[in-house]
Amino acid sequence: MLQVIYLCLFACFGATATCFLQFMYFYWIKREMKLVYLQRAGTGLVLAILCYGFIMVLH
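Owing to the predicted nature of the structure, the values given are computational and were not obtained by experimental measurement.

Colleague: Where do I start with the environment of F13 in this structure?
Modeller: By the element assignment, F13 lies in helix α1 (residues 2–28). Relative accessible area serves as the criterion here: at 46%, F13 is assigned to the partly exposed category. Spatially, the C-alpha atom of F13 lies 6.6 Å from that of A48, the residues being 35 residues apart in sequence.

Below you can see the structure in the form of structure tokens.
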């Protein structure tokens, strides 16, 4: 069970980093502010925190 949660935690951090980099690209290079990417990054961060909480509960 813990391996699945660790995999989800890794995936959440990867998705969060990708969305944040997309937001930075659109903000700095294209001079557009696409808040969708920032919202997705925030959601991924919240999911990563929840996965970490589940890991702490199961240990």
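Colleague: Honestly, the packing of aromatic side chains in this entry has me stumped. Any pointers?
Modeller: Two aromatic rings are characterised by how far apart their centres lie and by the angle between their planes. The tally for this structure, following the rule as stated, stands at 3 aromatic pairs. The interplanar angle of 20° and the centroid separation of 5.5 Å between the aromatic rings of F26 and Y37 together place this pair among those described as stacked. Residue F26 is found in helix α1, and its partner Y37 is found in helix α2 (residues 35–58); the two are separated by 11 residues along the sequence. What links up through ring pairs into an aromatic cluster is the set Y25, F26 and Y37.

Colleague: What exactly am I supposed to notice about the side chain of T16 here?
Modeller: Its place among the elements puts T16 in helix α1. Residue T16 is classed as buried on the basis of its relative accessible area of 12%. Only 3.3 Å separates the side chain of T16 from the backbone nitrogen of L45, close enough to count as a polar contact. With sequence-adjacent residues up to four places away left out, T16 is seen in contact with A41, G44 and L45.

Colleague: How do you make sense of the environment of M24 when you look at a structure like this?
Modeller: With respect to the helices and strands, M24 occurs in helix α1. Since its relative accessible area comes to 22%, M24 is described here as partly exposed. For the pair M24 and L2, spaced 22 residues apart in sequence, the C-alpha separation works out to 33 Å.

Analysis parameters
- Numbering of residues starts from 1 in each chain and follows the order in which that chain's sequence is written.
- In view of the model being predicted, local features appear only for residues whose pLDDT reaches at least 70, and side-chain atom pairs are presented and counted only at 80 or more, with totals across whole chains, interfaces and linings using the full set of residues.
- Side-chain metrics in this entry use all non-hydrogen atoms of the structure; hydrogen atoms and water are not considered.
- Numbering of helices and strands starts at the N terminus; helices are DSSP runs of H or I of at least 4 residues and strands are runs of E of at least 2.
- Each residue is assigned to one of three classes by its accessible area relative to the maximum for its type, calculated with a 1.4 Å probe on protein chains only: buried under 20%, partly exposed between the two thresholds, exposed over 50%.
- Only centres within 6.5 Å qualify two rings of Phe, Tyr or Trp (six-membered ring in Trp) as a pair; their planes then separate them into stacked at under 30 degrees, edge-to-face at over 60, and tilted for everything else.
- Any N or O atom pair separated by 3.5 Å or less is treated as a polar contact, with the protein-specific requirement of one donor-capable and one acceptor-capable atom, and with residues adjacent in sequence counted only for side-chain atom pairs.
- Here a residue-residue contact requires only that any non-hydrogen atoms of the pair lie within 4.5 Å.

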